[in-house]
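Residue-level structural notes
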Amino acid sequence: TSAAATFIFDKASQSITFTTPSPMTFGGSNQSVTPTASSSLTVTLTSTTTGICTVAGFVITAVGSGTCSITASQAGNSNYLAAFDVVRTFGVLKATQSISFTTPSAMTVGGSNQTVTPTASSSLSVTLTSTTTGICTVAGFVITAVAPGTCSITSSQVGNENYEAAANVT
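A brief structural summary. (Residues numbered from 1 in each chain as written. Predicted model: local features only at pLDDT ≥ 70, side-chain atom pairs only at ≥ 80, totals over all residues. Heavy atoms only, no water.)

Moving on: the overall build of the protein. In terms of helices and strands, the protein carries zero helices and 16 strands. Since a compact globule built from 170 residues should have a radius of gyration of about 15 Å, the 29 Å found for the protein marks it as more spread out than a globular shape. Once the C-alpha set of the protein is aligned to its principal axes, its extents read approximately 120 × 20 × 20 Å. Expressed as a percentage of the 170 residues in the protein, the buried residues total 33%. Put simply, 53% of the contacts in the protein that link residues at least 6 apart link residues at least 24 apart. (Helix = DSSP H or I, 4+ residues; strand = E, 2+ residues; numbered from the N terminus. Rg over C-alpha atoms; globule rule 2.2 N^0.38 Å. Buried < 20%, exposed > 50% of the residue type's maximum accessible area, 1.4 Å probe, protein only. Contact = heavy atoms within 4.5 Å.)

This is how it looks when you write it as structure tokens:
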């Protein structure tokens, strides 16, 4: 005699292994990660903080400073259940910046004003101030000699949400 039997095969479970990415710096190098699923199926990465970091494949790019959050997912297939998402968070630090400022040439009281062009490596605007206002004054990037003596001009850049303040250049 023969007998018919019905079997139900459940889908296998799977898990994702995903090491927390290293801290990054805004404007610095991209970072590649390698999340894996125990099923050997392809894992998908997404950023839930796209204003801080973006993901293309397994490459993370820092686009702002703050806390980056990356989610690794695997939806499963006909043999495997979906894996539980794995979320990893890490910091994206502010970038450093510097100021380039060429020393102005000598001036004469009553002579021509002098325009200078200090720049920050971040491309943020630089501010000039005179620390010897009795000798020289500054309006924007224009220096005016008002009395004989040594003029001292300080250039500064305070930074923003993505850049640390630059060291002043005098």
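Within this structure, the stated rule accounts for two disulfides. The disulfide bridge from C53 ends at C68, spanning 1.9 Å between sulfur atoms. On the sign convention where negative is left-handed, the bridge of C53 and C68, at about 80° about the S-S bond, is right-handed. Of this pair, C53 sits in strand β6 (residues 53-56) while C68 sits in strand β8 (residues 66-73); the two residues are 15 residues apart in sequence, bridging distant segments of the chain. The pair formed by C53 and C68 is uniform in burial state, with each residue classed as buried. C136 shares a disulfide with C151; S-S distance 1.9 Å. (Disulfide = S-S within 2.5 Å.)

This part is about the side chain of T71. Turning to its location among the elements, T71 is positioned in strand β8. By relative accessible area, which is 9% here, T71 ends up buried. Residues in contact with T71, not counting those within four places in the same chain, are T44, L45, T46, T48, D85, V86 and V87.

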